[in-house]
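Listed below, chain by chain, are the residues.
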Amino acid sequence: AQSVAQPEDQVNVAEGNPLTVKCTYSVSGNPYLFWYVQYPNRGLQFLLKYITGDNLVKGSYGFEAEFNKSQTSFHLKKPSALVSDSALYFCAVVYNKLIFGAGTRLAVHP
Amino acid sequence: NAGVTQTPKFRVLKTGQSMTLLCAQDMNHEYMYWYRQDPGMGLRLIHYSVGEGTTAKGEVPDGYNVSRLKKQNFLLGLESAAPSQTSVYFCASSYSEVEQFFGPGTRLTVL
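What counts as what
Residues numbered from 1 in each chain as written. Chains lettered and ligands numbered in written order. Predicted model: local features only at pLDDT ≥ 70, side-chain atom pairs only at ≥ 80, totals over all residues. Heavy atoms only, no water. Disulfide = S-S within 2.5 Å. Helix = DSSP H or I, 4+ residues; strand = E, 2+ residues; numbered from the N terminus. Buried < 20%, exposed > 50% of the residue type's maximum accessible area, 1.4 Å probe, protein only. Polar contact = N/O pair within 3.5 Å; in protein donor to acceptor, adjacent residues only side chain to side chain. Contact = heavy atoms within 4.5 Å. Buried area = accessible area lost by both parts, 1.4 Å probe. Salt bridge = Lys/Arg side-chain N within 4 Å of Asp/Glu carboxyl O. Nonpolar A, V, L, I, M, F, W, Y, C, P; charged D, E, K, R; others polar.

Draft legend 1. The state of the cysteines, seen in detail. Scanning the entire structure with this criterion turns up two disulfides over all chains. Disulfide pairing is shown between cysteine 23 of chain A and cysteine 91 of chain A; the S-S distance is 2.0 Å. Between cysteine 23 of chain A and cysteine 91 of chain A, the S-S dihedral sits near -65°, and the bridge is therefore left-handed. You can see cysteine 23 of chain A sitting in the loop between β3 (19-21) and β4 (24-26) and its partner cysteine 91 of chain A sitting in strand β10 (residues 87-95), a full 68 residues away along the chain. Judged by its relative accessible area of 0%, cysteine 23 of chain A falls in the buried class. Relative accessible area serves as the criterion here: at 0%, cysteine 91 of chain A is assigned to the buried category. Paired through a disulfide, cysteine 23 of chain B and cysteine 91 of chain B show a sulfur-sulfur distance of 1.8 Å. Between cysteine 23 of chain B and cysteine 91 of chain B the sulfur-sulfur dihedral comes to about -75°; the bridge is accordingly left-handed. Of this pair, cysteine 23 of chain B sits in strand β3 (residues 19-25) while cysteine 91 of chain B sits in strand β9 (residues 87-94); the two residues are 68 residues apart in sequence, bridging distant segments of the chain. Taken as a pair, cysteine 23 of chain B and cysteine 91 of chain B share a single burial class, namely buried.

Draft legend 2. Region of the structure containing the side chain of glutamine 25 of chain B. Residues and elements named next belong to chain B. Within the secondary structure, glutamine 25 is located in strand β3. Looking at glutamine 25, its side chain comes within polar contact range of the main-chain nitrogen of methionine 27, at 3.0 Å. Residue contacts for glutamine 25: discarding those within four places in its chain leaves Gly3, Val4, Met32, Arg68, Lys71, Gln72 and Ser93.

Draft legend 3. Broad picture of the environment of serine 67 of chain B. All names here are of chain B. Secondary-structure assignment places serine 67 in strand β7 (residues 65-67). With relative accessibility at 25%, the residue serine 67 sits in the partly exposed group. Remark: the alpha-carbon pair of serine 67 and glycine 77, spanning 10 residues in sequence, is separated by 8.4 Å. Discounting chain neighbours no more than four positions away, the residues touching serine 67 are Thr55, Asn73, Phe74 and Leu75.

Draft legend 4. Spotlight on the interface of chain A and chain B. Listed per partner, the contact involves 20 residues of chain A and 19 residues of chain B. Roughly 1500 Å² of surface becomes buried between chain A and chain B when both sides are summed, with 60% attributable to carbon and sulfur atoms. Area buried by chain A at its contact with chain B is led by Leu44, Lys97 and Phe100 of chain A, which between them contribute 36% of it. The interface formed by chain A and chain B includes one salt bridge. As a salt-bridge pair, lysine 49 of chain A and glutamate 99 of chain B come within 3.8 Å of each other at their nearest N and O atoms. Counting across the chain A and chain B interface gives two residue pairs in polar contact (both at pLDDT 80 or more). Those elements giving two or more residues to the side of chain A that touches chain B turn out to be β5 (32-38), β6 (44-50), β10 and β11 (97-100) of chain A. With four residues, the top contributor of residues to the side of chain A that touches chain B is β5 of chain A. Across the side of chain A that touches chain B, the residue classes tally to 12 nonpolar, five polar and three charged.

Rendered as structure tokens:
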């Protein structure tokens, strides 16, 4: 079955440190992959996407993600975390429609 | 542009009551979607529409109906609300099956 897994319910990072939010996928063919962010009491906002091309994708707010076909992963990264990055992050893959992971809560501590 | 808007923002229903959630978009998108978000389960697709006058079932359609009479509006109806339908509902729209734009959500509680 087509699916997306976010293995961590929560990630804790100190401000200024690099952060990684993990995502793996299982889908037939070439995947279209997305990251969305959800701030409290808000809808989801698009961060970045991978369709084709360079495996390193740069997105909004200094985030980037690396597509790794052999490991079927699309981890979200940022070199230096900010307290304002604290939010719920969703990985998603297109298979007919968007399939979302369960989400990872990122907490950045001062 | 307002983007995607949802009405109402909050609602409390009693079991068995009915209601309609309204989603409107001003981006001329063909595709529109209704999701529900529950803790630990991400977003699950309820129904979607690929154009005016069309609707299709998503992952969790039972207990919900939808209509897309106008391109800019997508209505989600609950005919007889149940406590299991307590959730946060998100509408989204897109110009293709790829990047979606989300509304702010409707928090529904069914007692």
